[in-house]
Amino acid sequence: MATGGAAGWEYAPAPEARDVVRIRPRYELWIDGAWSAPEAGDYFPTLDPSSEQELALVACAGRADIDRAVGAARAAFQRGWASDHGRRASYLFRIARILQTRAREFAVLESIDAGKPIRESRDVDVPLAAAHFFYYAGWADKLEYAFPYGAPAPHGVAAQIIPWNFPLLMLAWKIAPALAAGNTVVLKPAETTPLTALLFCEVAREAGLPNGVVNILTGGGDTGAELVRHPDIDKVAFTGSTEVGRDIARAVAGTGTHLTLELGGKAANIVFDDAALDQAVEGIINGIYFNQGHVCCAGSRLLVQESIEERLIAKLTERMRRLRVGDPLDKNTDVGAINSRAQLERITDYVRYGIEDGAEIFQPECALPAHGYFHAPTMFTGVSPSDRIAREEIFGPVLAVLSFRTAEEAIAMANNTRYGLSAGVWTEKGSRALAVAQALRAGVIWINTFNKFDPSSPFGGYRESGFGREGGRQGLEPYLQLT
Amino acid sequence: MNRLGVVKTNKLFIGGSFVRSESGRTFAVAGDHYPLASRKDVRDAVRAARPGYARWSAMTAYNRGQVLYRLAEMLETRRDELRAACGGAAEVDRSIDRVVWYAGWPDKLTQVLGTSNSVAGPYLNYTTAEPMGVVGIVAPANPPLEGLLSRLAPVLAAGNSAVVLAGEASAPAAMVLAEALATSDLPPGAANLLTGPVGETAKVLAAHLDIDALDLATAADPDELAELERLAAGGITRVVRQDATEQSLATLAAFVELKTVWHPRAI
């Protein structure tokens with residue numbers, strides 16, 4: 001049940017209907033345009049993280065299944081997927097339209113399987129996923145206009161591994177540009193969130209996509225590790241942790257396999273003394289509590305200018321008291337379920353490190369549901385740059401607040417990380433905003449806004465946040481050879 | 001009596017200074033001594049390249065283009081020395097022309113690689129090409145001069161600093177190049193040149209966590225290449241593999257980061 005902390009903010013439950021989705025008891029692998037049982041016969045459960053109830057059994061792909069999927073993708077590529085640009089565009093447009101038509105179904109299923117608030121899956125994940133297919137559909141027959149430095153040709157078969165924080169959206173970010181560029185794909189969704197990818201197989205069928213162009217292999221880390229090592233893969237695209245990204249980079253070293261990585265982050269959100277504070281507060285809240293903080297570009301380090309720290313913290317704590325934590329399917333919910341037990345444990349570990357390192361913790365009073373994986377929105381003040389909660393990616397609803405005096409100090413603190421995915425700047429002074437945006441070593445800079453995404457806008461990291469861009473004209477490049 | 005000539009002592013070029021290898025070791029090519037860079041020299045060069053990058057990338061693109069053009073001028077005045085250090089006059093011509101080609105690029109890169117993006121909302125959204133940072137270059141053995149400049153010029157044109165490992169074959173060319181770099185108004189540390197067999201030093205460079213990209217145009221053997229790529233993976237360091245003498249926008253594109261900036265539009 002959704003609860004508001006402060007008096008006068010109570011809402012009656014407003015649950016979204018679940019009956020729009022039909023979850024099957026068991027899911028097979030999607031290979032060559034058909035459901036196919038895993039050869040080893042292994043299945044694993046996927047849970048509803050808000051209730052810990054088992055939703056379905058999902059096939060675990062092994063080496064033989066990977067062989068079959070890669071073979072199907074290769075055969076589809078050789079049957080001329082890359083040659084008819086207009087047709088490719090048509091398929092992608094169709095997929096975009098079907099996703100829009102079935103948006104409600106996808107949103108509910110995403111919230112059930114991933115635990116994210118229906119407000120977000122309905123208003124962000126699913127519309128953006130459809131928009132990505134629509135955007136790249138338009139590129140499929142215009143590739144020769146995309147790059148001034150070479151004639152475009154696809155790599156061939158792409159292996160794609162996606163995380164559990166935006167399951168359908170990450171699928172769209174991977175599949176849309178890959179297919180537009182003329183590749184065929186084998187995609188592995190995350191172990192804890194396979195259901196929307198499996199529903200997407202129905203969309204592929206409904207769109208009439210040729211067999212083998214998209215293959216979906218469910219499984220855990222072993223399946224992914226096996227997939228990227230398959231000798232007939234031309235291109236690997238991975239979104240996930242820096243740790244796993246490093247392993248993949250080592251695995252493909254020397255093979256000539258093309259690689260792009262979208263990895264972790266520890267974004268600084270910098271608030272200067274002249275910022276529009278109420279807007280900044282909304283941006284900070286959205287930056288860290290959007291999707292329970294399960295966001296690689298989350299604004300997890302708040303850098304606030306000393307002179308306004310007290311005022312900003314007061315506003316933030318007041319705003320945090322208004323956050324409604326609970327049932328992901330409740331339309332009033334702001335913060336849903338933590339994706340898995342393992343992630344919840346990781347978050348509680350970090351909260352303990354924060355306390356042990358001497359930072360001051362604030363959590364609004366909110367009744368967490370009795371079942372399921374939930375964590376209260378958390379803010380630490382008085383954090384030192386050397387504290388673990390200020391350096392390491394937590395991937396949860398935990399904000400670390402640090403203060404600075406000068407812009408130079410803020411820039412140095414913001415850049416003092418191995419990551420470089422995103423950053424935020426809040427100031428009403430245009431020249432300062434542009435100078436700071438230029439000085440920040442990160443791939444996406446949000447000025448006076450945060451966590452905005454668009455298919456036409458390139459996204460990706462500097463340094464250990466990975467390499468390659470997704471979105472925009474630049475997002476085609478990882479899927480093309482330019483000769 | 002004939003005058004006794006003054007013989008030049010060959011040195012490493014680190015942080016804008018000509019220094020001996022901290023190891024005191026040298027190796028010989030055609031009877032001349034060259035400093036044999038050690039692992040420590042590689043680390044020192046990376047340390048010098050970080051502030052070198054800050055200085056170089058802070059200059060305007062127009063200014064960086066002029067400095068690169070001046071590098072071509074300084075090379076032109078050393079044609080005789082360069083000819084002796086490489087495959088001959090034709091290679092010298094190609095090498096200098098390559099520098100001139102890249103000298104015209106710095107103020108055009110973002111225009112060609114960047115975009116203004118039509119997002120579905122009231123936002124200004126643009127993508128610019130920025131330098132990556134410090135780039136480690138394992139220079140091609142052949143052609144000695146053209147290989148060096150084909151890899152170094154685009155790295156500098158894109159606004160990066162460089163640590164270049166020149167093997168035994170390209171050591172004589174690297175020595176002359178260092179003198180041209182030192183007189184081109186390039187800020188100290190923007191380009192650093194080390195000579196010596198690259199077997200061990202390349203590994204130190206590849207594994208160094210303060211380089212942002214690693215250029216492996218050199219035709220190393222596949223096992224060595226795989227090992228360097230594995231070492232680079234530790235820091236998610238970008239690895240660039242191209243032909244030794246490639247001259248292309250794609251080469252520049254390999255050494256930039258794309259940054260996207262959002263700002264709301266509202267009255």
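The shown structure was predicted, so the numbers you read here are calculated from the model rather than taken from an experiment.

Cut-off values and rules
Residues numbered from 1 in each chain as written. Chains lettered and ligands numbered in written order. Predicted model: local features only at pLDDT ≥ 70, side-chain atom pairs only at ≥ 80, totals over all residues. Helix = DSSP H or I, 4+ residues; strand = E, 2+ residues; numbered from the N terminus. Buried ≥ 20, exposed ≤ 12 C-beta atoms within 10 Å, placed from the backbone. Contact = placed C-beta atoms within 7 Å. Rg over C-alpha atoms; globule rule 2.2 N^0.38 Å. Pairing = 2+ DSSP bridges. Axes fitted to C-alpha atoms, helices over the stretch in contact; angles between N-to-C directions. Nonpolar A, V, L, I, M, F, W, Y, C, P; charged D, E, K, R; others polar. Right-handed = clockwise from strand over helix to strand, strands pointing away.

J.: Just checking my understanding: could you explain the overall build of chain A for this structure?
T.: Looking only at helices and strands, one finds 14 helices and 20 strands in chain A. Along the first, second and third principal axes, the C-alpha set of chain A runs to 65 × 50 × 35 Å. Scored against the burial criterion, the 483 residues of chain A give a buried share of 60%. When contacts within chain A are restricted to residue pairs at least 6 apart in sequence, long-range pairs at least 24 apart make up 73% of them.

J.: Please explain the overall build of chain B as it appears in this structure.
T.: A tally of helices and strands in chain B yields 10 helices and 12 strands. For 267 residues, the compact-globule formula gives about 18 Å, and the C-alpha radius of gyration of chain B, at 19 Å, lands near that figure. A principal-axis box enclosing the C-alpha atoms of chain B has dimensions of 85 × 40 × 30 Å. Residues classed as buried in chain B amount to 54% of the 267 residues present. For chain B, the proportion of contacts with a sequence separation of at least 24, taken over those separated by at least 6, is 79%.

J.: When you look at the sheet that holds strand β5 (residues 115-116) of chain B in this model, what are you seeing that I'm missing?
T.: Strands in a sheet are paired, the pairing made by backbone hydrogen bonds, and the direction either parallel or antiparallel. Taken together, the 10 strands give an open sheet; going across it, the order is β14(A)-β15(A)-β16(A)-β13(A)-β12(A)-β17(A)-β18(A)-β12(B)-β6(B)-β5(B), and neighbouring strands pair in mixed fashion. The sheet terminates laterally at β14 (360-362) of chain A together with β5 of chain B, the two strands that pair on one side only. In the packing of helix α11 (residues 341-356) of chain A onto the sheet, contacts are made with β14, β15 (378-381) and β16 (398-404) of chain A, and the angle to β16 of chain A comes to roughly 30 degrees.

J.: Just to check I follow, could you spell out the interface of chain B and chain A for this structure?
T.: Accessible area lost upon the coming together of the parts is a frequently used measure of interface size. Each partner contributes residues to the interface: chain B has 32 residues there, and chain A has 37 residues. For the side of chain B that touches chain A, the secondary-structure elements that each account for two or more residues are β6 (123-131), α9 (222-233), α10 (249-253) and β12 (256-264) of chain B. In terms of residue count, the dominant contributor to the side of chain B that touches chain A is β12 of chain B (8 residues). Looking at the side of chain B that touches chain A residue by residue, the class counts come to 16 nonpolar, 10 polar and 6 charged. Where strand β18 (residues 444-447) of chain A lies against β12 of chain B, 3 bridges are found, and the strand directions are parallel. Residue pairing across strands places V444 of chain A opposite T260 of chain B, the latter belonging to β12 of chain B.

J.: I would appreciate a short explanation of the pairing of strand β13 (residues 301-305) of chain A in the present structure.
T.: When a strand is regular, its side chains alternate between the sheet's two faces. All names here are of chain A. Summarising burial for β13: 5 of the 5 residues are buried, a large majority. The alternating pattern of β13 places R301, L303 and Q305 and L302 and V304 on opposite faces, both of which are buried. The handedness of the strand β12 (residues 268-271) to β13 crossover, carried by helix α9 (residues 277-289), is right-handed. Where β13 meets β16, 5 bridges bridge the pair, whose relative direction is parallel. Across the sheet, L302 pairs through a bridge with V401, a residue of β16.

J.: Please explain the environment of G199 of chain B as it appears in this structure.
T.: Residues and elements named next belong to chain B. Relative to the helices and strands, G199 is located in helix α8 (residues 198-207). G199 sits in the exposed class, given 10 other C-beta atoms within 10 Å. Distance from G199 to R3, taken between C-alpha atoms, is 41 Å for residues 196 residues apart in sequence.

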